[in-house]
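Residue-level listing of the chains:
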Amino acid sequence: MNNNRIKVTIEDQIAHVCLSRPDKHNALDIKMFKAIDSTIKKLKKNRDIRAVIVSGAGQDFCTGLDIKSVMRSPLNAIQLLFKWLPWRANLAQRVSTGWRDLPMPVIMAITGRCWGGGLQIALGADFRIAHTESSLAIMEAKWGLIPDMGGTLALRTLLNQDIAKKLAMTGEEISAEQALALGLVMEVDEQPLEKAKQLAIEICRQSPDAVSAVKRLYNKSWWSGPGAALARESIYQLKVLAGKNQKIKTFNQTHDKKVQKDFTARGHW
């Protein structure tokens, strides 16, 4: 899965995805958009991966759109924005929404600047852990644009609407501590990548089917009606109970560590 924009390593069933354009502060050009999209699709097919950690090479997570590169050709804008159906994600949006569609949890380890498209990518994750000196911004306003990369799906659950509007209308840069206070990130730490690894390891101790079911349940039910949410709880629970991993988790929970069993591959979620 490695190329000159994204580096992927898999260790102990945890996929480490690194945005790898440090000379350009991991700014998003067409190659980067396509590399992220391709990586997400490949990760989705791997039923053995239990968690994904995304980080950026160099001092910054991602400083946003590489304006000069992307705007060089009208064809680039077409590639990013084109979609057959208005309600489906285009390439620009899939680099954010694609993480939400993965059946395993995704953790963003944010260092340095996480601006514009970089923040939109980070908003697609289930968890965001930022370095103490990181800064975050919905930067599109600085270029006379609106945030159109799918981050709205996450912002509506994370921020009050007035705060989201202010950040999007002004392009204001906020510190990691401000982002934590607003709920934009889950945690602030001197070593966000290590914290992300610790969380991923803890998640890997749980049934992969239960973890996937929780992610899908909450993503689909957070803004749905109560009836639909209750129905999903029952349906997903039955699917979990029918699988092998629930029985393995119960066995491991009630037996000594010396006889623990390995989980089977995750079901289709």
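Report follows, based on the coordinates. (Residues numbered from 1 in each chain as written. Predicted model: local features only at pLDDT ≥ 70, side-chain atom pairs only at ≥ 80, totals over all residues. Heavy atoms only, no water.)

### Points about the packing of aromatic side chains
For the structure shown, the criterion picks out three aromatic pairs. With a centroid separation of 5.2 Å and an interplanar angle of 80 degrees, the aromatic rings of Phe-82 and Trp-84 are classed as edge-to-face. The partly exposed category is assigned to Phe-82, whose relative accessible area is 46%. Judged by centre distance (5.8 Å) and plane angle (85 degrees), the rings of Tyr-236 and Trp-269 are edge-to-face. You can see Tyr-236 sitting in helix H11 (residues 226–242) and its partner Trp-269 sitting in the segment after helix H12 (244–254), a full 33 residues away along the chain. Neither Tyr-236 nor Trp-269 differs from the other in exposure class; each is buried. Sitting over the ring of Trp-115, Arg-113 keeps its end group 5.2 Å from the ring centre. In this structure, Lys-261 is placed above the aromatic ring of Phe-251, and the distance from its NZ or CZ to the ring centre is 4.3 Å. (Phe/Tyr/Trp six-rings, centres within 6.5 Å; stacked < 30°, edge-to-face > 60°. Buried < 20%, exposed > 50% of the residue type's maximum accessible area, 1.4 Å probe, protein only. Helix = DSSP H or I, 4+ residues; strand = E, 2+ residues; numbered from the N terminus. Lys NZ or Arg CZ within 6 Å of the ring centre and 35° of its normal.)

### Digging into the sheet that holds strand S7 (residues 135–137)
Read across the sheet, three strands follow the order S5-S7-S8 without closing on themselves; strand pairing throughout is mixed. In this open sheet, the two edge strands, each paired with only one partner strand, are strand S5 (113–115) and strand S8 (174–175). Inspection of the sheet shows S5 paired to S7 by three bridges, in the parallel sense. If you follow Trp-115 over to S7, its bridge partner there is Ala-137. (Pairing = 2+ DSSP bridges.)

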